[in-house]
Amino acid sequence: MTDAVVTTEELDRRTIRRSDFVSCNQAFIDCRTPGSDRKENYAMIGPGVSQSSGQHVNLRLPHGFQIGAAAMPNGITNNLHLHYTAEVFVCTEGEYLLRWGADGTEGELTLKAGDVASVPTWIFRGFTNTGPDDGWMFTVLGMDNTGGIIWGPSVLREAEGHGLYLTADNKLIDTVAGDEVPADTELTKPMAQEYIDRLRSYSPEQMKRRIAASDELVWSDRPFLDSTLPGGGARLSCVIGYGMTEDLHQEPRIHNPHGHNAAWLRAEPGQGVSIHRQQETQTLIVKDGLWEVTLNRTDPVSVRLGPRDILSVPEGAWRTFRNVGETEGDVLIVNGGDARVRLEWDEEVVKAAADAGLGVDHNGYVAPYALLPRSARR
């Protein structure tokens, strides 16, 4: 693996503070629809599915996934639409009501702070803020090119009444703002009923299996080689895919391919994950607590992250994570790809673990050091 050395400038470029977020209130075709006209759309990593040329994007570097957010006051709705690639909702504050189906009546479930929901592709979905005005919903979208979205037929028809049209290549035309619809431009038409009838249905019970509720998370107390070492001790809950766990017995809540995996990392003050590296893209999203991330083995550079702060960690960079706050903290870790993430630990960590009687087997899981073949010992 290439030993990537991260400069202070590169770390700054990849650090996206809450204060760096820039909202767009005209990102989608329903931006004037009553009840949906006070939405704020954010694009932190990649443009997501925004249909506005004015959408601010904090970091356009390809990751294999994209990070955004939706914010709206109480009672405001994000209308029915469907995605071609994965859409994962991460509610970090407040409460949202998720609904799905061609007319939004197949089912509904409530998302609360700490809940993660993976909505299947090719079904219509929408959500409403049923909690306080300052609720917050991050989104993780699959792939660098999402293909955009398909709006529910009623959404498109209502938007026309407000002077808004969508081109076939997913660009928003606002005739109220002075845009003109070119004569040779193909506009998006409502989905025909024959295609709507072919969409899969999901019962509330089926959809609930795709939600990792905060009060139902299953945690591993020893997910890593350094779990019993000073500086280690973080716990892990696999939400989407097996990701970076080294616990043989740990299973994710959601198994199907997304193009990325996601897990909650939790640590008490002073705990974290010792120095290691990986070849996959990685993004950290802080839910709560104060976290310090240090990159590089030589000439280390560090950054401290608070709630809603985001960090994109370069592939191949040595890294440590530490809770430097005064209370327990949670951070969502998103890694690129559907395969398991194989961690490479620093030699000092490997030696300390061996002294404690632990090593990593040929399948990438923590095992008794004494039982490993010589080829797995260091």
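Residue positions within a chain follow its written sequence, with the count starting from 1. Only residues with pLDDT of 70 or above have their local features reported here, since the model is predicted, and side-chain atom pairs are shown and tallied only from 80 upward, although totals for entire chains, interfaces and linings are computed over all residues. Remark: hydrogens and water are excluded; side-chain values derive from all non-hydrogen atoms of the structure.

A look at the pattern of salt bridges
This is how the line gets drawn: Definition used for salt bridges: Asp or Glu carboxyl oxygen within 4 Å of a side-chain nitrogen of Lys or Arg. Working definition: helices are DSSP H or I runs of at least four residues, strands are E runs of at least two. Numbering for both runs from the N terminus. Think of it in three bands: residues with accessible area under 20% of the maximum for their type are buried, residues over 50% are exposed, and the middle band is partly exposed, with areas taken using a 1.4 Å probe on protein chains only.
Applying the stated criterion to the full structure yields 13 salt bridges. A salt bridge links Glu 328 to Arg 266, with the nearest nitrogen and oxygen atoms 3.7 Å apart. Note that Glu 328 is positioned in the loop between β23 (319–323) and β24 (329–336) and Arg 266 in strand β17 (residues 260–267), a separation of 62 residues in sequence. For Glu 328, a relative accessible area of 35% puts it in the partly exposed group. In this structure, a network of salt bridges that share partners links the residues Glu 10, Arg 13 and Arg 14.

Things to note about unusual backbone geometry
Of note in the backbone geometry, Asn 296 takes a positive phi value of approximately 85° without being a glycine. Within the secondary structure layout, Asn 296 lies in the loop between β20 (291–295) and β21 (301–305). At Asp 299, a position not held by glycine, the phi torsion is positive, near 50°. Accessibility expressed as a relative area gives 63% for Asp 299, which makes it exposed.

Section: the environment of Gly 135
Among the secondary structure elements, Gly 135 is positioned in the loop between β10 (125–129) and β11 (136–142). Considered as a pair, Gly 135 and Thr 92 are 43 residues apart in the sequence and their alpha carbons are 7.7 Å apart.

Some words on helix α5 (residues 347–355)
Worth spelling out the cut-off: An arc is given here, and it is the one of the directions from the helix axis to the C-beta atoms. Should any heavy atoms of two residues lie within 4.5 Å, those residues are considered in contact. Any pair of N or O atoms that falls within 3.5 Å is considered a polar contact. Within protein, one atom must be able to donate a hydrogen and the other to accept it, and sequence-neighbouring residues count only if both atoms are side-chain atoms.
Where α5 is concerned, the buried positions are Val 349, Val 350, Ala 353 and Ala 354. Projected down its long axis, α5 carries its buried residues within an arc of 135°, all on one side. Facing away from the buried side of α5, by more than 90 degrees, are the exposed residues Glu 348 and Asp 355. Residues of α5 that are buried in the fold lie against β18 (272–277), β25 (344–345) and β26 (358–360). Put simply, Asp 346 is the residue that caps the front of α5, since its side-chain oxygen is 3.0 Å from the backbone nitrogen of Glu 348. Backbone geometry just downstream of α5 places Gly 357 in the positive-phi region, at approximately 90°.

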